[in-house]
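Each chain, letter by letter, is given below.
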Amino acid sequence: MIKKFFAIILIGCLGFSGLSARELGYYGVSIGGTATVPLAGLADLYKIAPSLKFGAGIFLENGWYLEGQVDLCRFDRSNLTGYAKENVSMSLEYGGIMVTGQTSLLEFRNINLQFIAGMGPFYWKGIRGEIAQNDSLGIPYIPKKVLEEWNMAFQGGVGLEYFITPDLAFELSSVYRLLIGSLWPTMHEHILIEQVNGFQMAHVNLKMRYYF
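A quick note: this is a predicted structure, and the numbers were derived from the prediction, not measured. Numbering of residues starts from 1 in each chain and follows the order in which that chain's sequence is written. Per-residue local features are limited, in this predicted model, to residues with pLDDT of at least 70; the limit for side-chain atom pairs, both in listing and counting, is 80 or more; totals at the level of whole chains, interfaces and linings are taken over all residues. As a convention, hydrogens and water are excluded, and side-chain values are obtained from all of the structure's heavy atoms.

A. Fine view of the pairing of strand 6 (residues 145–163). For two strands to count as paired, DSSP must find a minimum of two bridges between them. Put simply, DSSP H or I for four residues or longer makes a helix, DSSP E for two residues or longer makes a strand, and each gets a number counted from the N terminus. Judged from the 18 bridges that link them, strand 5 (residues 111–128) and strand 6 form a sheet pairing that is antiparallel. Bridging from a neighbouring strand, Gly126 pairs with Leu147 of strand 6. Examined bridge by bridge, strand 6 and strand 7 (residues 168–183) share eleven bridges and lie antiparallel to one another. Counterpart to Glu161 in the pairing with strand 7 is Glu171.

B. Highlighting the sheet that holds strand 4 (residues 90–108). Around the barrel, which closes on itself, the eight strands sit in the order 1-2-3-4-5-6-7-8 with antiparallel pairing between neighbours. Each neighbouring strand pair of the sheet contributes to a mean axis angle of 20°, computed without reference to strand direction. Taken together, the eleven bridges between strand 3 (residues 65–75) and strand 4 define a ladder with antiparallel strand orientation. Within strand 4, the position partnered with Gly68 by the bridge is Val99. Helix axes use the C-alpha atoms of the stretch in contact, all axes being lines fitted to C-alpha atoms, and the angles between their N-to-C directions lie in the range 0 to 180 degrees.

C. Just the confidence of the model for the protein chain, in detail. With 88% of its residues at a pLDDT of at least 70, the protein chain reaches an overall mean of 88. Confidence scores here are pLDDT values: one per residue, from the predictor, ranging 0 to 100. The criterion used for residue contact is that any of the two residues' heavy atoms lie within 4.5 Å. A low-confidence stretch, residues 1–19 stays under pLDDT 50, and its non-local contacts, those more than four residues away or across chains, total 14 contacts.

D. Expanded view of the side chain of Asp71. Position of Asp71 relative to the elements: it lies in strand 3. N or O atoms closer than or at 3.5 Å make up a polar contact, with two conditions inside protein: a donor-capable atom paired with an acceptor-capable one, and, for residues adjacent in sequence, both atoms drawn from side chains. At 2.7 Å, the side chain of Asp71 and the side chain of Arg177 are in polar contact.

E. Main features of the pattern of salt bridges. Here a salt bridge means any side-chain nitrogen of Lys or Arg lying within 4 Å of a carboxyl oxygen belonging to Asp or Glu. On inspection of all chains with the given rule, the structure shows nine salt bridges. Of the charged contacts, one joins Arg209 and Glu171 as a salt bridge, the two residues approaching to 2.9 Å between their closest N and O atoms. Of this pair, Arg209 sits in strand 8 (residues 196–211) while Glu171 sits in strand 7; the two residues are 38 residues apart in sequence, bridging distant segments of the chain. For the pair Arg209 and Glu171, a shared accessibility class is recorded, and that class is buried. A cluster of three or more residues bridged by salt bridges with shared partners is formed by Glu67, Glu161, Glu171, Lys207 and Arg209. Between buried and exposed lies partly exposed: a residue is buried under 20% and exposed over 50% of the maximum accessible area for its type, with that area taken using a 1.4 Å probe on protein chains only.

F. Local environment of the pairing of strand 4. Pairing between strand 4 and strand 5: 16 bridges, direction antiparallel. The partner of Gly101 across the bridge, within strand 5, is Ala117. From the end of strand 4 to the start of strand 5, which pair antiparallel, there are two residues, and Arg109 there has a positive phi angle of about 55°.

Okay, here's the thing in structure tokens:
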């Protein structure tokens, strides 16, 4: 009975062949979550973090869907090792608006494979807590450090959009993002936090979008 129920649902979903709101003049609103994966030097400092996205967009004459999305994230789980792992507190947070363009690469029934590119301004703030003096290791007192700036971010990737109804779709996407910015080095022998120039990350997104 259960298998029959899911079979009916699957056939119903596949039946929306060609039925979608991806047409000129349509608007869309979206909400979703992201697994933000630090890459390169950022991966030495932080573990994967969740983030939230809220967006609104419109289809253009050239076939692109243009969307502005609010994007918020906070890295607060350290990936440090050694002495720094237990004795240094760190966080990095950012928020801003990413303006993305999406265009279809391949469409089949109610599934749409698309290319995604975007850029936008972001405010970021990095905090490294104070480091206590440790005479036995020869570590001096190191004061708290806070860095914060507005910088640009750039991203590119691919997404798979699946229409549940002609107007409602789920989107699973993966993009590479570079946020311009630099974090401090702390080059004491027992701490060794390297400087990071450019925050590289991968975003794995799951969003729900409604077209009207």
